[in-house]
Amino acid sequence: MQAVVYHSDDIRAWERRWFAAQNSSLGLMQQAAWSITQQLIVLFENHATKNIAVWCGQGNNAGDGYFIASYLKQAGFNVEIFAAQLGESADLHCAAQFAREIKVPIHSNFEIKRTFDCHIDALFGIGLNRELNIDWQQVIQIFNEQLGLKISIDIPSGLQANTGRVLPCAVRANHTFTVLGHKAGLFTGQGKEYAGQVHLINLIPVDQELKPLAYLSPTNIKLPQRMAFGHKGSYGHVLVVGGHEQMGGAVIMAAEAAFHAGAGKVTVVCHRNHHQAILSRAPNIMLRDINALDENSIKEILSQVDAICFGMGLGRDDWAKQIYQQWFKLLSHSTRLEVVLDADALWFLAKQPEKLNTHIYATPHPGEAATLLGCSTAQIENDRIAAIYALQQKYAGQWVLKGAGSLILEDNLYICTQGNAGMGTGGMGDVLAGMIASLKAQFHKGIALHEIVTLHAQAGDKLAKQGMRGLQAYQMNQAITQVVNQ
């Protein structure tokens, strides 16, 4: 079953419907705190945690914190609360009163004068949409400077729940216990840096009015076994088109990735300057000179292949423009071919916007997405979900917005939860393009775009087992072969 992600506004509306059905808001707060406490007790046993500081703000998220502190105290832990002035919520006042009754020490400031094994963040919840003032920024900075395990309740304070944007700083948690439903900000944008390991606290039944915002891409992906009578023609023919006179590496990486992901045949169409280098690395790759092809030759080649990745190392000069226009006209009108647009093909698409058919997969990084939408990279990163919907609305087709927590928009929106910062290096996008073309050539509708993005991320995670710094995209090939055979 796919894990669902909800918008924070929809979660709050869901809560209101629950309370309107005569369910207790205080009871739900207590239930959430109790459920989190039981998981914390198990976690603390593994970390030899005894002394705990709970940091409480002014809203209902703080109410969770007061109850968690109380339940931990009753379970035998040494607990102290560091708190802001209480807000107006009656449930919050009940939670604070309960903590006082069982003699949990409550400090009316955030001055930490001794060492704790764990700090629990119950400062702000999912309703935070404004930039934090300087006083709250200082509180979060003090929190992050503490030693010990860091736990956030619902969402790390200072992180925007739906975008993963920090406002402008946020708690860096080792674990986040998120209540009722997953929030997108925990998995994409800057959120991955701050959320740590995410644990979902399910409490109330989903009603019919609650609609998903997105899904977390499944991580257990198994491709069909190959038939004993298969041959190279059974597993798809991938065409890689790009490779300006001065840029040959990208097409090599895309082509090799296509082979390592299982394609039966791979042809590279590029400037002839790169042919010798390609053959010396991978003599199984077939080659054509991109300058020697007229429209009829291109049509003949396209009739023989199943998928194309187009644009890697194409360049942006007049020669590249002519090549783009020559190929894109034919690719965009095909309803049979699986087409991946990447790199410089996206740059030309931005200059000459056209609607894409459903067999075209566009894979921009945030900078390329900004060019496609005529905005800044910061605007893309501030709301990645809005950006990918804007891309599909403007251009149609299917989309991957690469980055931390890559977003995939096909029939539904998916968030890739795997991958690592070591993959932030030149050529990783070319490898992804080759993998998409390869697996779509082999399986077409039998594999979803989000599954391919996840396999690419899993290969990157295998590659990073010995460390993330210094990874090279060309090293991905053996890891790709492993994940497509797992």
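Cut-offs used in this document
- Residues numbered from 1 in each chain as written.
- Predicted model: local features only at pLDDT ≥ 70, side-chain atom pairs only at ≥ 80, totals over all residues.
- Heavy atoms only, no water.
- Helix = DSSP H or I, 4+ residues; strand = E, 2+ residues; numbered from the N terminus.
- Buried < 20%, exposed > 50% of the residue type's maximum accessible area, 1.4 Å probe, protein only.
- Contact = heavy atoms within 4.5 Å.
- Phe/Tyr/Trp six-rings, centres within 6.5 Å; stacked < 30°, edge-to-face > 60°.
- Expected span 1.5 Å × (residues − 1).
- Arc of directions from axis to C-beta.
- Pairing = 2+ DSSP bridges.
- Right-handed = clockwise from strand over helix to strand, strands pointing away.
- Core = buried A, V, L, I, M, F, W, Y, C linked by side-chain atoms within 4.5 Å.

- Within an unreviewed UniProt entry, the label attached to the protein reads ADP-dependent (S)-NAD(P)H-hydrate dehydratase, and the organism entered is Acinetobacter geminorum.

**Some words on the environment of V484**
(1) Moving on: Checked against the element boundaries, V484 lands in helix α17 (residues 476-484).
(2) Moving on: By relative accessible area, which is 13% here, V484 ends up buried.
(3) Moving on: Taking the C-alpha atoms as reference points, V484 and I221, 263 residues apart in sequence, are found 8.5 Å from one another.
(4) Moving on: Not counting residues within four places of it along the chain, the set of residues in contact with V484 comprises L223, H260 and A261.

**Structural notes on unusual backbone geometry**
(1) Moving on: Going from L167 to P168, the amide bond is cis rather than trans, its omega being -10 degrees.
(2) Moving on: Counting through the fold element by element, P168 comes out in the loop between β6 (149-153) and β7 (175-179).
(3) Moving on: Positive phi, normally seen in glycine, also occurs at Q22, with a value near 70 degrees.
(4) Moving on: Tracing the sequence through the fold places Q22 in the loop between α1 (8-20) and α2 (25-47).

**Overview of the packing of aromatic side chains**
(1) Moving on: Evaluated as defined, the whole model comprises 18 aromatic pairs.
(2) Moving on: Taken together, a centroid distance of 5.6 Å and an interplanar angle of 70 degrees make the contact between F44 and F77 edge-to-face. Placement of F44 in helix α2 and of F77 in the loop between α3 (60-74) and β3 (78-83) is noted, with a sequence separation of 33 residues between them.
(3) Moving on: Here F44 falls in the buried class, since its relative accessible area comes to 1%.

**Here's the deal with helix α14 (residues 384-395)**
(1) Moving on: An ideal rise of 1.5 Å per residue puts 16 Å on twelve residues; α14 measures up with 16 Å between its terminal C-alpha atoms.
(2) Moving on: Regarding α14, the residues found buried are R384, I385, A387, I388, L391 and Y395. Here the buried residues of α14 occupy an arc of 165 degrees about the axis, which is enough to place them on one side.
(3) Moving on: Looking one or two places after α14, you find A396, whose phi comes out positive at around 65 degrees.

**A closer look at the pairing of β6**
(1) Moving on: The buried fraction of β6 is high, at five of five residues.
(2) Moving on: Because side chains alternate across β6, one face comprises the buried residues L149, I151 and I153, and the other comprises K150 and S152, equally buried.
(3) Moving on: As paired strands, strand β5 (residues 118-122) and β6 are joined by four bridges and run parallel to one another. Residue pairing across strands places C118 opposite L149, the latter belonging to β6.
(4) Moving on: The parallel pair β5 and β6 is bridged by helix α5 (residues 134-145), and the resulting crossover is right-handed.
(5) Moving on: For β6 and β7, the ladder comprises three bridges, and the chain directions are parallel.

**Overview of the nonpolar core**
Across soluble globular proteins, you tend to see nonpolar side chains buried next to one another.
(1) Moving on: Of all hydrophobic cores here, the largest spans 164 residues; its most connected members are I120, F310 and W327.
(2) Moving on: Once residues lying within four places of it in the same chain are set aside, the contact partners of W327 are L239, V241, V269, I290, L293, I298, L302 and F310.

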